[in-house]
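Residue-level listing of the chains:
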Amino acid sequence: MGGKQAPLRRIALVTYFHNEWRSDWGGELIIYAKRKTHTTDKPDLEITHCVEPRPGSLVMFTVPRFHRVCRVDQTAGQHRRLSIAGWFMTEHA
């Protein structure tokens, strides 16, 4: 009480640094939204975006937001999905 509020996450970002990626290797970022017909306490989600981890790309989205990162498929072999993630934050609502 009377203390400073913690900063709030506003925008999430992911930057991909690998040199090569194929669609069938997986590793997508999936963004969800609550269905408009949602009626229970547990969120009923639908996919709004499926983002392929393209080399040299930057992805940004507002938070909070339901999202997940898919696993990389074995067909990628020794190829690695290299990324850095972070947030832009504010100190007030």
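Here we summarise the structure given alongside this text. Worth saying up front: this structure is predicted, and the values here are computed from it rather than measured.

**Regarding the overall build of the protein chain**
So, point 1. Assigned secondary structure in the protein chain consists of 0 helices and 6 strands.
So, point 2. Listed N to C, the secondary structure of the protein chain is β-β-β-β-β-β in terms of helices and strands.
So, point 3. Whereas a compact globule of 93 residues would reach a radius of gyration of roughly 12 Å, the protein chain reaches 17 Å, over 25% beyond that.
So, point 4. Overall size of the protein chain, expressed as C-alpha extent along the three principal axes, is 55 × 35 × 15 Å.
So, point 5. Counting only residues that meet the buried cut, the protein chain has 24% of its 93 residues in that class.
So, point 6. Contacts in the protein chain between residues far apart in sequence, at least 24 positions, make up 78% of those at least 6 positions apart.
So, point 7. The averaged location of the 9 negative side-chain charges in the protein chain is 5 Å from the averaged location of its 14 positive side-chain charges.

**Thoughts on the pattern of salt bridges**
So, point 1. For the structure on display, the rule yields 4 salt bridges.
So, point 2. One salt bridge connects Glu52 with Arg54, and the closest N-O pair in it is separated by 4.0 Å.
So, point 3. The structure contains a network of salt bridges with shared partners spanning Arg35, Asp44 and Glu46.

**Concerning the sheet that holds strand 4 (residues 58-62)**
So, point 1. Ordered in space as 4-1-6, the 3 strands form an open sheet in which the pairing is antiparallel. For this open sheet the edge positions go to strand 4 and strand 6 (83-90), each flanked by a neighbour on one side alone. Sheet twist, expressed as the average angle between the axes of neighbouring strands with direction ignored, equals 20°.
So, point 2. Sheet analysis places strand 1 (residues 8-16) next to strand 6, joined by 8 bridges and oriented antiparallel. Paired with Tyr16 across the strands is Ser83, a residue of strand 6.

Conventions we followed
Residues numbered from 1 in each chain as written. Predicted model: local features only at pLDDT ≥ 70, side-chain atom pairs only at ≥ 80, totals over all residues. Heavy atoms only, no water. Helix = DSSP H or I, 4+ residues; strand = E, 2+ residues; numbered from the N terminus. Rg over C-alpha atoms; globule rule 2.2 N^0.38 Å. Buried < 20%, exposed > 50% of the residue type's maximum accessible area, 1.4 Å probe, protein only. Contact = heavy atoms within 4.5 Å. Lys, Arg positive; Asp, Glu negative; His and termini not counted. Charge placed at Lys NZ, Arg CZ, Asp CG, Glu CD. Salt bridge = Lys/Arg side-chain N within 4 Å of Asp/Glu carboxyl O. Pairing = 2+ DSSP bridges. Axes fitted to C-alpha atoms, helices over the stretch in contact; angles between N-to-C directions.

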